[in-house]
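# Understanding the architecture of this molecule
What follows is the residue order along each chain.
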Amino acid sequence: MSEGQGGEVSKTYIYGLMAGMVLTGAANTIVFKAQDEAVVLDKPYNHPFVQAFTMFFGEFLCLIAFQLQKLFSRNWEETQAVAIAEAEQKGLNTNVSKFWLLIPAGCDTLTSSLQLAGLVFVPPSIYQMMRGGVILVTAFLSVVALKRKLYIHHYLGLLLCIIGITLVGLTTVLYAKDDDGGSSESTDLAIFGIALLLSSLLTNGIMFVSEEKLFTKFYIEPLNMVGYEGIWGMLIVGLIFIPIASNIKCGGNICPYGYLEDPIYAIRQWGDSPTLLASVIAGAVILASFNFFGVSVTKNVSSLARAVLDVSRTVIVWVYALSTGAEQFYWLQLAGFLTLVAGNFIYNEIVEIPGLNKYTRRNLAKQSMLSASDEGNE
């Protein structure tokens, strides 16, 4: 475990953040998939860009929570003074420009839009498993941008992740026709959904690593960061993405409204269905919580740990989908899931393989202690 920007953080707190991220992340996927499956006013709720806007509104709520924390916390000024002093001792800049947060916010905007569009065409567990590929992108960018060193067990873990994601993707392609009565359109849409999810991995990895990079340069409160990312996200989606998508004509299942997006119809659907409106509000609150936990993990541990945890919530989504009958069980999907989990366990050193564990964190710490002991005996 690493230290936070403002001092040492307890393991209990870290594990609490991790558990919160996994649980709210799984809930986030389930809630937004439920929105995609809703049919209101005789049309499906297919609004990926409107959904992205509501997600960023949820992130903006973190900024309000941050201001309320400042207002009602008795020891706020004293706590902040201590945290800032410790941050300055570590060489962190305590005056961060909000424009720096535009980098992760822009990546988050593209990631959310691509993933929400992809979620329309694939089952939620497949969506969650495919997102596991972010660990590959994050690992590569961590080496390039953060100068993190990888060892043989890391590369083995990454290889297993690639195999697992491939098996999961094959499940969608091979069984989409069977699930939809032999429709070739269903298969094409499933492939399209997978392509969107794969495209989102690059921007998602950049977002994770850019946030960690900012934490190595600046002192930033997680609630504050998520809140300002929400503001930037709402501006980008509301002023650029939605107006453009609302003027792109298309048809078929991808565009049930005749255009790529129809925000007015989305609002009408909210008004006609209290259940849909409740899920939209719940989605915003859950997303705000998820991003707070995620950014906190990046700050106190690493962006790579966040990517690994992002995959861990897959099991909750998959079990939920099977238990509700939303998905069928396939052995190939199980094989892909187990391979993906094994890759993540090996990469994150939860499981150590004899002969390949010389450079795990635990053994490197032992070697460092032995070296220090030998020097002390000389």
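Quick summary incoming for the structure in this document.

About the cut-offs
All residue numbers here refer to positions counted from 1 along the written sequence of the relevant chain. In keeping with the model being predicted, local features are shown solely for residues with a pLDDT of at least 70 and side-chain atom pairs are shown and tallied solely at 80 or more, while totals for entire chains, interfaces and linings include all residues. To obtain the side-chain values, all non-hydrogen atoms of the structure were used and water was disregarded. Working definition: helices are DSSP H or I runs of at least four residues, strands are E runs of at least two. Numbering for both runs from the N terminus. Using a 1.4 Å probe on the protein chains alone, a residue whose accessible area is under 20% of its type maximum counts as buried, one over 50% counts as exposed, and one in between counts as partly exposed. What a helix is expected to span follows from its residue count: subtract one and scale by 1.5 Å. Note on geometry: axes are C-alpha line fits, over the in-contact stretch for helices, and angles between N-to-C directions span 0 to 180 degrees. The labels follow the angle: roughly parallel below 35 degrees, roughly antiparallel above 145, roughly perpendicular from 65 to 115, and oblique for the rest. In this analysis, two residues are considered to be in contact whenever any of their non-hydrogen atoms come within 4.5 Å of each other. In the scheme used here, Gly and all other residues not listed as nonpolar or charged are polar, with Ala, Val, Leu, Ile, Met, Phe, Trp, Tyr, Cys and Pro taken as nonpolar and Asp, Glu, Lys and Arg as charged. Nonpolar cores were defined as sets of buried Ala, Val, Leu, Ile, Met, Phe, Trp, Tyr and Cys residues, with membership established by side-chain atoms within 4.5 Å. By convention, the crossing between two helices is left-handed when the near helix turns anticlockwise from the far helix through less than a right angle, and right-handed when the turn is clockwise. A pocket, in this scheme, is an open set of points on a 1 Å grid over the protein atoms alone with protein on both sides within 12 Å along at least 5 of 7 lines, while a cavity is a set where a 1.4 Å probe fits but cannot get out; residues line either one if an atom lies within 4 Å of a point. Grid points are joined across faces, edges and corners, and a volume is the space filled by probe spheres set on the points.

### Side note on unusual backbone geometry
- A positive phi angle, near 65°, is found at Asp42, a position not held by glycine.
- Checked against the element boundaries, Asp42 lands in the loop between strand E1 (39-40) and strand E2 (43-44).
- For Asp42, a relative accessible area of 77% translates into the label exposed.
- Even without being a glycine, Lys147 presents a positive backbone phi close to 60°.
- Within the fold, Lys147 resides in the loop between helix H6 (134-145) and helix H7 (152-179).
- Residue classification places Lys147 among the exposed positions, given a relative accessible area of 67%.

### Thoughts on H6
- The first and last C-alpha atoms of H6 sit 16 Å apart over 12 residues, in line with the 16 Å expected at 1.5 Å per residue.
- For H6, the set of buried residues is Val134, Ile135, Val137, Thr138, Ala139, Leu141 and Ser142.
- Immediately downstream of H6, the backbone of Lys147 shows phi near 60°, a positive value.

### Description of the packing of helix H10 (residues 263-272) against helix H11 (residues 274-300)
- Where H10 contacts H11, the two axes come as close as 5 Å, and the packing angle between them is 115°. Classified by the interaxial angle, the pair formed by H10 and H11 is roughly perpendicular. Within the contact between the two elements, H10 uses Gln269, Trp270 and Asp272 and H11 uses Pro274, Leu276, Leu277 and Val280.
- Classifying every residue of the contact of H10 with H11 by side-chain character gives five nonpolar, one polar and one charged.

### Comments concerning the nonpolar core
- Ranked by internal contacts, the top residues of the largest apolar core, which has 57 residues, are Tyr45, Met130, Ile135, Val297 and Tyr347.
- Counting residues in each nonpolar core, the second largest holds 16 residues, with Phe66, Leu214, Leu223 and Met225 among its members.

### Considering the packing of helix H1 (residues 11-37) against helix H2 (residues 48-72)
- It is the contact of H1 with H2, at a shortest axis distance of 12 Å, that shows an interaxial angle of 150°. Crossing geometry of H1 relative to H2 is assigned as right-handed. Here H1 contributes Phe32, Gln35 and Asp36 to the contact with H2, which in turn contributes Gln51, Thr54 and Met55.
- In terms of residue class, the contact of H1 with H2 is made up of two nonpolar, three polar and one charged.

### Some thoughts on empty space enclosed by the protein
- All chains considered together, the criterion is met by two cavities of 30 Å³ or more.
- There is about 210 Å³ of room inside the largest cavity.
- Listed by contribution, the elements that provide at least two residues to the lining of the largest cavity are H1, H2, helix H4 (102-119), helix H8 (184-217), H11 and helix H12 (303-312).
- If you tally residues by element for the lining of the largest cavity, the top one is H4, at six residues.
- There is about 40 Å³ of room inside the second largest cavity.
- Every residue lining the second largest cavity is listed: His153, Ile346, Glu349, Val351, Glu352, Ile353, Leu356, Asn357 and Thr360.

In short, the description is geometric, and any link to function would need to be established separately.
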